[in-house]
Amino acid sequence: MRNPKWNRDEIILALDLYFTLEPGKIHSRNPKIIALSETLNKLPSFIDKPDAARFRNANGTSMKLSNFLAIDQTYSGQGMASFSKLDKEVFDEFKNDIPSLSKIAGNIKSIINDPNLSKELNTLSEENDVDKVSAKEGQILYKLHKYRERNHSLVHKKKAYHLKKHSNLACELCGFDFEKTYGEVGKGFIECHHKSPLYTLAVDTITKLEDLILVCSNCHRMEHRKLNL
Ligand SMILES: [Zn+2]
Ligand SMILES: [Zn+2]
């Protein structure tokens, strides 16, 4: 029984710690690695943990950091070469942009440390999500994005505000108007998209009306594909 492969969120968290540690400090007794192992176990990504006792334990976590040593060209020693394609991808994406990595990792951790929000995000259905989540910022922040733009009272306010100002609910990107095309059944229908970049989302960011844009379903999907490029 093998545990699932590390996903992007997990790799981001591990890489964030990696860049703060000297190679000699990468071992399973390092309190920082133990703390990371605990954080990873709280991440609401995997419901299925075939080998729960060993799931992201301190040993496995320190091995992941040793994988980065093998990828890291600035390291002259030897790391563990058994890294995944995704490990290398994420490493290359962030090796020259550690500040962004830290920001994203910090925001992911802020969500993990908020059990209620984590739970809410976990209950978000995957409906409409044929696009596999591969957002640079990981799954959790992408889910937070979706959660934020489905905030009913805010969506309601946004629509009311827009309706008052423009007296229609046409897509702000392409002008499609559900009511015009579909008649009565389309009345009042439009989706809401959160414009803020994913890396800026954290537990304590408050969504404002101007962060939201009203979009038709097609444009909304395309905006989400852009997030997942
Ligand atoms: Zn549109
Ligand atoms: Zn959206």
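Here the residue index of a chain counts from 1 through its sequence in written order. By the order in which they are written, chains take letters starting at A while ligands take numbers starting at 1. Residue-level local features of this predicted model are given only where pLDDT is at least 70; pairs of side-chain atoms are given and counted only at 80 or more, and the full residue set underlies all totals for whole chains, interfaces and linings. To get the side-chain values, all heavy atoms of the structure are used, and hydrogens and water are removed first.

Colleague: Explanation requested: the overall build of the chain in the structure shown.
Modeller: Each helix is a run of H or I in the DSSP string that is no shorter than four residues. Each strand is a run of E no shorter than two, and both are numbered from the N terminus. Helix and strand counts for the chain stand at ten helices and two strands. When the elements of the chain are put in sequence order from the N terminus, they spell out α-α-α-α-α-α-α-α-α-β-β-α. Expressed as lengths along the three principal axes of its C-alpha atoms, the size of the chain is roughly 65 × 35 × 30 Å. To sort residues, take the accessible area from a 1.4 Å probe on protein chains only and compare it with the maximum for the residue type: under 20% means buried, over 50% means exposed, and anything in between is partly exposed. Counting only residues that meet the buried cut, the chain has 43% of its 229 residues in that class. We call two residues in contact whenever any of their non-hydrogen atoms come within 4.5 Å of each other. In the chain, once contacts between residues fewer than 6 apart in sequence are set aside, the share between residues at least 24 apart is 68%. Under the convention used here, a 1.4 Å probe and the Shrake-Rupley method define accessible areas, while residue burial counts only the protein chains that appear. Accessible surface computed for the chain: about 13,000 Å², of which carbon and sulfur atoms make up 53%. Each charge sign in the chain was given a centre, from 35 positive and 30 negative side chains, and these centres are 1 Å apart. Only four residue types enter the charge count, namely Lys and Arg as positive and Asp and Glu as negative; His and the chain termini do not. Positions of charges follow a simple convention, taking NZ of Lys, CZ of Arg, CG of Asp or CD of Glu.

Colleague: What am I meant to see in the coordination of the zinc ion (ligand 1) here?
Modeller: Any two of four tetrahedral donors ideally make an angle of 109.5 degrees at the metal, while pairs among six octahedral donors ideally make 90 or 180 degrees. Water is absent from the atoms considered, so a metal site may look incomplete; donors are defined as N, O and S atoms within 2.8 Å of the metal, or 3.2 Å for Na, K and Ca. Coordination of the zinc ion (ligand 1) by the protein is provided by Cys171 (SG), Cys174 (SG), Cys216 (SG) and Cys219 (SG), with metal-donor distances spanning 2.3 to 2.4 Å. Here the zinc ion (ligand 1) is ringed by four donor atoms whose angles at the metal span 104 to 117°, and the overall shape comes out tetrahedral. Going along the chain, you hit the donors of the zinc ion (ligand 1) in the pattern C-x2-C-x41-C-x2-C. In this pair, Cys174 sits in the loop between α8 (152–166) and α9 (178–182) while Cys219 sits in helix α10 (residues 217–227), placing the two residues 45 residues apart along the sequence. Each label reflects the angles at the metal, where four donors whose angles all fall between 85 and 135 degrees are tetrahedral, four or six donors whose opposite pairs open beyond 155 degrees and whose other angles stay between 65 and 115 are square planar or octahedral respectively, and the rest are irregular.

Colleague: Hey, could you run me through the environment of Ile213 in this one?
Modeller: Checked against the element boundaries, Ile213 lands in strand β2 (residues 212–215). In this structure the C-alpha to C-alpha distance between Ile213 and His162, which are 51 residues apart in sequence, comes to 9.7 Å. Apart from residues no more than four positions distant in its own chain, Ile213 is found in contact with Lys158, Glu172, Leu173, Glu191, Cys192, His193 and Lys195.

Colleague: In this structure, what is going on with the environment of Lys146? I would like to understand it.
Modeller: Considering the arrangement of structural elements, one finds Lys146 in helix α7 (residues 139–149). According to the relative accessible area criterion, Lys146 is buried, its value standing at 5%. The spacing of Lys146 and Cys216 is 70 residues in sequence and 15 Å in space, taken between C-alpha atoms.

Colleague: Before we go on, may I ask you to explain the coordination of the zinc ion (ligand 2) in this structure?
Modeller: Around the zinc ion (ligand 2), the donor atoms from the protein are His145 (NE2), Glu149 (OE), Glu149 (OE), His193 (ND1), His220 (NE2) and His224 (NE2), and they sit 2.0 to 2.5 Å away. If you look at the zinc ion (ligand 2), its six donor atoms make angles of 57 to 165° with each other, and the shape they trace is irregular. Sequence spacing among the residues donating to the zinc ion (ligand 2) works out to H-x3-E-x43-H-x26-H-x3-H. Of this pair, His145 sits in helix α7 while His220 sits in helix α10, and the two are 75 residues apart along the sequence. Comparing His145 with His220 shows no difference in burial state: the two are buried.

Colleague: What is the right way to read the side chain of His194 from this model?
Modeller: Here His194 lies in strand β1 (residues 191–194). Exposure remark for His194: the relative accessible area of 3% places this residue in the buried category. Counting of polar contacts relies on pairs of N or O atoms within 3.5 Å, with two restrictions inside protein: one atom must be capable of donating a hydrogen and the other of accepting it, and residues adjacent in sequence are counted only when both atoms are side-chain atoms. Polar contacts involving the side chain of His194 include one to the main-chain amide nitrogen of Ser196, which spans 3.3 Å.

Colleague: Sorry, what's going on with the pattern of salt bridges here?
Modeller: Opposite charge on two side chains permits them to pair, given that their charged atoms come into close proximity. Note on definitions: salt bridges are taken to be side-chain nitrogens of Lys or Arg within 4 Å of carboxyl oxygens of Asp or Glu. Inspection of the entire model under this criterion finds nine salt bridges. One salt bridge in this structure joins Glu89 and Arg8, with 3.6 Å as the shortest N-O distance. You can see Glu89 sitting in helix α4 (residues 85–94) and its partner Arg8 sitting in helix α1 (residues 8–18), a full 81 residues away along the chain. Accessibility expressed as a relative area gives 35% for Glu89, which makes it partly exposed. The salt bridge involving Lys109 is made with Asp16; its shortest N-O contact spans 3.8 Å. Taken together, the residues span a long stretch of sequence, with Lys109 in helix α5 (residues 98–112) and Asp16 in helix α1 at a distance of 93 residues. Each of Arg8, Glu89 and Glu93 takes part in one network of salt bridges that share partners.

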